[in-house]
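Descriptive analysis of the structure
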Amino acid sequence: MLRGTIRGVLARRFPLLVPPLLAACGANDRSAGHEGVSALQVKEAPLPLVLSPPDGAGAQRGRAAGAPAVQLAIVPRSTNDTDADARLCAVMAGASQWSVALPFPWPVDSVAPRLLRRVVRRGDVEGLRFVVPGVRAQYVFEGFTRDGSRRVSLRWPVSSDPASPVPVGAPDSVIEAALRPHPALLDSTVGALRFAPSVESGWPTKPTDTAPLVSQAVTDDPPLPVHRMELRHACPQATYLLPMLARADHTVRVPVDSGDRLTAHATVPYGTLRLQFDEAPPAGVPVPAQSTARTDIEATSTGVLTLRVQLQVLPKVQAARQTVYLSVQRSRPASRP
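This text gives an overview of the structure that appears in the document. Computed from a predicted structure; not experimentally measured. (Residues numbered from 1 in each chain as written. Predicted model: local features only at pLDDT ≥ 70, side-chain atom pairs only at ≥ 80, totals over all residues. Heavy atoms only, no water.)

1. A short note on the overall build of the protein chain
Counting secondary structure elements, the protein chain contains 4 helices and 18 strands. Sorting the 337 residues of the protein chain into buried and exposed places 48% on the buried side. Taking the intrachain contacts of the protein chain between residues at least 6 apart in sequence as the baseline, contacts between residues at least 24 apart amount to 68%. Split by element, the accessible area of the protein chain, about 15,900 Å² in all, is 55% carbon and sulfur. (Helix = DSSP H or I, 4+ residues; strand = E, 2+ residues; numbered from the N terminus. Buried < 20%, exposed > 50% of the residue type's maximum accessible area, 1.4 Å probe, protein only. Contact = heavy atoms within 4.5 Å. Areas by Shrake-Rupley, 256 points an atom, 1.4 Å probe, with all protein chains shown as cover.)

2. Concerning the sheet that holds strand S16 (residues 294-298)
One open sheet accounts for 5 strands, arranged S10-S12-S18-S14-S16; its pairing is mixed. Since the sheet does not close on itself, it has two edges, and those belong to strand S10 (218-219) and S16, each with one partner. Both strand S14 (residues 261-267) and S16 contribute to a ladder of 5 bridges, which runs antiparallel. Residue Leu262 lies in a different strand from S16, and its bridge partner there is Ile297. Where helix H2 (residues 83-94) meets the sheet, it contacts S10 and strand S12 (237-245), and its direction lies at approximately 70° from that of S12. (Pairing = 2+ DSSP bridges. Axes fitted to C-alpha atoms, helices over the stretch in contact; angles between N-to-C directions.)

3. A look at unusual backbone geometry
For the bond from Arg180 to Pro181, the omega torsion is -5°, close enough to zero to count as cis. Among the structural elements, Pro181 can be located in the loop between helix H3 (172-178) and helix H4 (183-191). Phi is positive for Glu44, which is not a glycine, with a value near 55°. Positionally, Glu44 belongs in the loop between strand S1 (39-42) and strand S2 (50-51). One non-glycine residue, Leu116, adopts positive backbone phi at about 55°. Relative to the helices and strands, Leu116 resides in strand S5 (residues 115-122).

4. Examining the pattern of salt bridges
In total, this model carries 21 salt bridges according to the counting rule given. Arg232 is the partner of Glu126 in a salt bridge, and the nearest nitrogen-oxygen pair spans 3.2 Å. Placement of the pair is Glu126 in strand S6 (residues 125-132) and Arg232 in the loop between strand S11 (226-228) and S12, with a sequence separation of 106 residues. Looking at Arg232, the relative accessible area reads 28%, which means it is partly exposed. A salt bridge links Arg228 to Glu230; the shortest N-O distance between them is 3.8 Å. You can call Arg228 partly exposed: its relative accessible area is 44%. Within the structure, one salt-bridge network assembled from shared partners comprises Arg121, Glu126, Arg228, Glu230 and Arg232. (Salt bridge = Lys/Arg side-chain N within 4 Å of Asp/Glu carboxyl O.)

5. Here we look at H4
Looking at H4, one finds that the buried residues are Pro183, Leu186, Asp187, Thr189, Val190 and Gly191. Each element contacted by the buried residues of H4 is listed here: S5, S6, strand S7 (138-145), strand S8 (150-157), H3 and strand S9 (193-196).

Dropping the structure here:
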């Protein structure tokens, strides 16, 4: 059991509700049927982990010898993201460490804090890991296979030596060193999940024309109005909630490859928005109070594209501080290789 920050203080203040294993997201899977679907295998894992073959629904379960509390679930992902999946994608895209609380009610329906948050991208799986402290402390991983076809959920109990309590306010490195198994070993175990045979990943071929959904937005409030949005095959779209002041531009930097298309949509309850990519040709003289809530661009080279979000406010009509919902999708026309 964990003491200090993890047991002595947090365990009493934040009761842990252990989440259930993920269930299948629906019948309409991203892969066309379950028969012949590539299975995941464990390749050279540092900790013992055994996977079952896919069942009739295409789901797999995992277990660790001598550790019945270890829970691994790999289930087909729905064609249309659930709100929880979409929020997970946004958390992964931003990889922000500034917001401690994750969007309710994902991934743990509890007020317990999350420690040691980190985005893990290894092998054929990528996602977010953290440690939930308490009497029943556990390492939690929530993510997807790199092709986006499956949801991956891992729960692994962790503990520390009661004779060596973790000091209150200890840095991540001290907390990690006290845990058994070490979170780095568990990260490597997640990275040992591999496709057999290998699968190809692809981008959406058509851009979306859907406005941002409030239920899928993740607050991204870094110390500077500069945001990173790393969109990958498993998560080609992400939605942010941006707390903004009028006339204070925010920029979103998105890594791309040549031939990629970025499509951005934004909404605001009150106010006028202007979206523009810095790399796009000049759009001419802007018309005052005219809203440009959708824009897109095709990358001509590999690098980073910068989206500029501008909030305009009319005096005595609109509040200076607004909440902007921004969704960005990365796609690739079918004609592109």
